[in-house]
Structure formats: C-alpha cells, structure tokens
Amino acid sequence: CLHRPPNTPSQSKLPIVTMAPSEKTSADCVKEEKQDSLTSAMGNNTEEVKSAVPGSKLDSDDDSQSSVSEKSVDISAVKRPGSSSFLRSVLPWTGLLIWPLMLTLPLLLSSPYSFTSYSEIFPENMYSYDASAGDDKPKPLGLCLGITAVAIGMVFIIIYFYLHRSGALSCGYEPASIQTQGPRSYDFAEGVATHLAQPEGFVMLTAYLSITWMANMMPSSYYSFEGSIQWFELALCLVIQDGIQYTMHRLEHAVSPEFYKKSHKPHHRFTNPRVFDAFNGSIADTFFMILVPLFCTANIVRTCNVWTYMAFGSIYANWLTLIHSEYVLPWDKAFRKLGMGTPADHHVHHKFFKYNYGHLFMWFDMICGTHKCPDDVDQKYFNVEAW
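A quick note: this is a predicted structure, and the numbers were derived from the prediction, not measured.

K.L.:
Run through the environment of histidine 346, naming residues and quoting values.
P.N.:
For histidine 346, the location among the structural elements is in helix α17 (residues 343-352). Placed 10 residues apart in sequence, histidine 346 and asparagine 356 show a C-alpha to C-alpha distance of 6.5 Å. Dropping the residues within four chain positions of it, histidine 346 is found in contact with His267, Ile323, His324, Gly358 and His359.

Here it is, written out as structure tokens:
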C-alpha cells in the first residue's frame, strides 16, 4: 500500500504551482538585496556604483538626472538672476564711498553751515595766524588737523580693503587678483601693523609736515582757515605732484645702478605687491620721490588754503596706497579709460620695471612713451579678463 504504480493518475503529471504576485523566489531576493546595496552605496559614493554596474540603467539615469539638474541651475541663473546676483554686481560699487570719506575732516570742519564748523569748535586764537601782522610762529592746529585728516582717510581705506579682500562686498566671492599667480598670503593684522609702522611712510611724512609747517616754510595762504576746499587747486596739486614724482621716479631708475640700489630697489623687491607695501622702501626713496615733489608742489600752487592742503594730503597718501592693491578694484576700468592710475597699471611697473612710472595718473607716461596698458601685457602674468 506504500508503493503506487508509475502510471497512476497522481504521478502522471507534476503539479504546476502558480505564485501569487506578492511571492518572491530566492533569486529575486538576491537581486533585491543587490539593488538595495547599490542604492545605499549611491548615497556614499556614486562613482563606485557606476564602476560596479557599468552601462546599467541606474548609471545612465543618474547621469541624465545630474546633467538635467545642472542645466536647470545654469538656465535659472541666466534667466532669473536672484537677489544675490544683483547684490554681487552692485555691492562692490559701494566702495566708491571711500573717495569722499577721505575728505571727511576738511568737509565737516570747513562748512560754514554745519554745527561742526571749525569756528564753532575752536577759539580764534588757536587758528588765527598772520605773519605780516607780526605773529611769531604758525599755530599747530592746522598741522594736527592735517595729519588727522590723512589718518581718518587711511582708517576708511583699511576697513574698505578688509571688506573687499574678504568678499564681504561681493556676496562671499573673493575679488580677482591682479596677477595670475594670485595674491601673496599674509595675515591682515600684520599687514596693517607693517604699513602704519614703516619709518619710510607715515613717520617721515609726519616729520616733513611738522617741520615745514612750524618753520613757516609753506606759502602764507596754506595757513588760512578761510573758505572751504578749493577743487581746482586740489586737482592741480594732484597733477603737479604726480608729474614731479614721475620725473624723480625715472631719475631713480636711470641716474646710476648704485643710486637705484640704495634708493628705489628696496621697494622693487615686491614684484607682486600688496596694498600694504605702498610705503615699504627706503628713506632715500621716500625723500626723493615723495617729499621733494610735495615741497615743490606747495611752492608752485601757492594759493591753497588749509582745507585744500588737507584734502590734497589725504587723497594723495591714500590713493598711493590703493594702487598697490593686489586685487582688482571695481572702478579700475573707468579709471583706466581716463588715464588715472590703477593697481594693474602699477603692477606692470613692479613686474617689468621699465613702464608706468606715474602713480596717480598715466598721462606723463603716455606723453613720454613709457606707458604700458595692462591689457597689452602677456596674459600669463596678468588676469586681463578680470578687468
């Protein structure tokens, strides 16, 4: 009874089992586990998954989705610029405010309509001086205010440059460097300390201003507090100063190798200068290229009052600092069209030594044939496309 003949109906055909849709074979389970592991790996390392399953649908789908996503972002950025794009294009131009801010002190004190007018703050005996009336020596108030005006302008320059350098004025984007090798790496606090402590810089300038002012070596009009900033005389002082400085600069390069070595060469060790290298040179260099032109300019333009002289000193010192910037400034392109000095113009001089001897203006270089536009320099040295 335990054995059945082979031709019995129950053994003539094997039963056919149909699985429900929810049932899975062991092979399906293995495939599902592999798929799960691949999907999990994608979150950690997509490239490993693609190499493990070359040409798979998973690979191609992932690539197509990535490319579509990237194209969508690009199209969105072009077609619908957001507020960050707008700010990135507009915010850097707020740096133009540093130019009137350089004149903060003379503008505030010289206005007759302001409660900050000098006549409302200081008694007359602190600023009144008339050599022809027998006054022994000039009053030091004008000198002190002049030095303070330069210092206030420099504070604004340092604050602006910190914001510009850090990308705070360009929505977090670092500004373009002048040279392709990029800016030198340095600690900002060290740069400020070095800049302000240079004996060839503010120490010598302060000494020069003090001696020439107190020794009554300036034209008599420079001691007058009457009026406000004389804009024509201010512009004239800047141009004449730069013209004389251009001449002295060329002489320092050409008189003799020995003279160049002792005077100007220490400043030329910076072939990729930073903004804080402006007054980093030698005592002889500052004397011949800055102090001599300053004294000559004062005795050529003899009609300035104290506010014009103050404004001239602040703009000159701070503009001279800015042209040593290692980064492109927002207004450089406009300045260059007008022949006004920019960091790129001055970097050309530091890189090649024989062009662009002017500082505030390129006009004298253009007249004398020593001008080299940064656009015409080999692009392997300069980020021409940045401006």
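K.L.:
I'd like to hear about the pattern of salt bridges, residue by residue, with values.
P.N.:
Applying the stated rule across the entire model yields 5 salt bridges. In this structure, the salt-bridge partner of glutamate 258 is lysine 262, at a minimum N-O distance of 3.8 Å. Remark: lysine 262 and glutamate 258 occur in helix α13 (residues 257-263); sequence separation between them is 4 residues, near one turn of the helix. Assessed through its relative accessible area of 59%, lysine 262 is described here as exposed. Notably, a salt bridge pairs arginine 336 with aspartate 345, separated by 3.9 Å at the nearest N-O pair. Assigned by exposure class, arginine 336 and aspartate 345 land together as buried. Residues joined in a network through salt bridges with shared partners are Arg184, Glu190, Arg274 and Asp277.

K.L.:
Quick rundown of the packing of helix α12 (residues 231-254) against helix α14 (residues 283-300)? Include the residues and the values.
P.N.:
Between two packed helices, both the angle of their axes relative to each other and the distance between the axes serve to describe the pair. For the pair α12 and α14, interaxial distance at closest approach is 9 Å and the crossing angle is 145°. Of the two possible hands of crossing, α12 and α14 adopt the one that is right-handed. Across the interface between the two elements, Cys237, Ile240, Gln241, Ile244, Gln245, Met248, His249 and Glu252 of α12 pack against Asp285, Phe288, Met289, Ile290, Val292, Pro293, Leu294, Cys296, Thr297 and Ile300 of α14. When the residues that make up the contact of α12 with α14 are grouped by side-chain class, the tally is 12 nonpolar, 4 polar and 2 charged.

K.L.:
How would you summarise the side chain of serine 221 if you had to cite specific residues and measurements?
P.N.:
Tracing the sequence through the fold places serine 221 in the loop between α11 (199-214) and α12. A polar contact of 2.7 Å, which involves the side chain of serine 221, links it to the backbone oxygen of cysteine 304. Sequence-distant contacts of serine 221, defined by excluding residues within four places in its chain, comprise Arg302, Thr303, Cys304, Asn305 and Val306.

K.L.:
Give me the environment of histidine 249: which residues, what numbers.
P.N.:
Relative to the helices and strands, histidine 249 resides in helix α12. A relative accessible area of 0% places histidine 249 in the buried class. C-alpha of histidine 249 to C-alpha of glycine 358: the two residues are 109 residues apart in sequence and 7.9 Å apart in space. Apart from residues no more than four positions distant in its own chain, histidine 249 is found in contact with His264, His268, Met289, His349, Tyr357 and His359.

K.L.:
Got a sec to walk through the packing of aromatic side chains? Specific residues and values, please.
P.N.:
The tally for this structure, following the rule as stated, stands at 29 aromatic pairs. Measuring from centroid to centroid gives 6.0 Å for tryptophan 99 and tryptophan 331, while their planes differ by 75°, and the two rings are edge-to-face. One end of the pair, tryptophan 99, is in helix α6 (residues 98-101); the other, tryptophan 331, is in the loop between α15 (306-322) and α16 (332-337), and 232 residues separate them in sequence. With respect to burial, tryptophan 99 and tryptophan 331 carry one shared label: buried. Here the aromatic cluster, defined as three or more aromatic residues joined through ring pairs, consists of Trp99, Tyr160, Trp319, Trp331, Phe335, Phe361 and Trp363.

K.L.:
Describe in detail α15, supporting the description with residues and values.
P.N.:
With 17 residues, α15 extends 24 Å between its outermost C-alpha atoms, agreeing within 8% with the 24 Å of an ideal straight helix rising 1.5 Å per residue. Burial within α15 is extensive, with 16 of its 17 residues counted as buried. Its side-chain oxygen placed 3.1 Å from the backbone nitrogen of tryptophan 307, asparagine 305 serves as the N-cap of α15.

Definitions and cut-offs
- Residues numbered from 1 in each chain as written.
- Predicted model: local features only at pLDDT ≥ 70, side-chain atom pairs only at ≥ 80, totals over all residues.
- Heavy atoms only, no water.
- Helix = DSSP H or I, 4+ residues; strand = E, 2+ residues; numbered from the N terminus.
- Contact = heavy atoms within 4.5 Å.
- Salt bridge = Lys/Arg side-chain N within 4 Å of Asp/Glu carboxyl O.
- Buried < 20%, exposed > 50% of the residue type's maximum accessible area, 1.4 Å probe, protein only.
- Axes fitted to C-alpha atoms, helices over the stretch in contact; angles between N-to-C directions.
- Left-handed = near helix turned anticlockwise from the far one by under 90°.
- Nonpolar A, V, L, I, M, F, W, Y, C, P; charged D, E, K, R; others polar.
- Polar contact = N/O pair within 3.5 Å; in protein donor to acceptor, adjacent residues only side chain to side chain.
- Phe/Tyr/Trp six-rings, centres within 6.5 Å; stacked < 30°, edge-to-face > 60°.
- Expected span 1.5 Å × (residues − 1).

Honestly, that's just the spatial picture; any functional story needs more than this.
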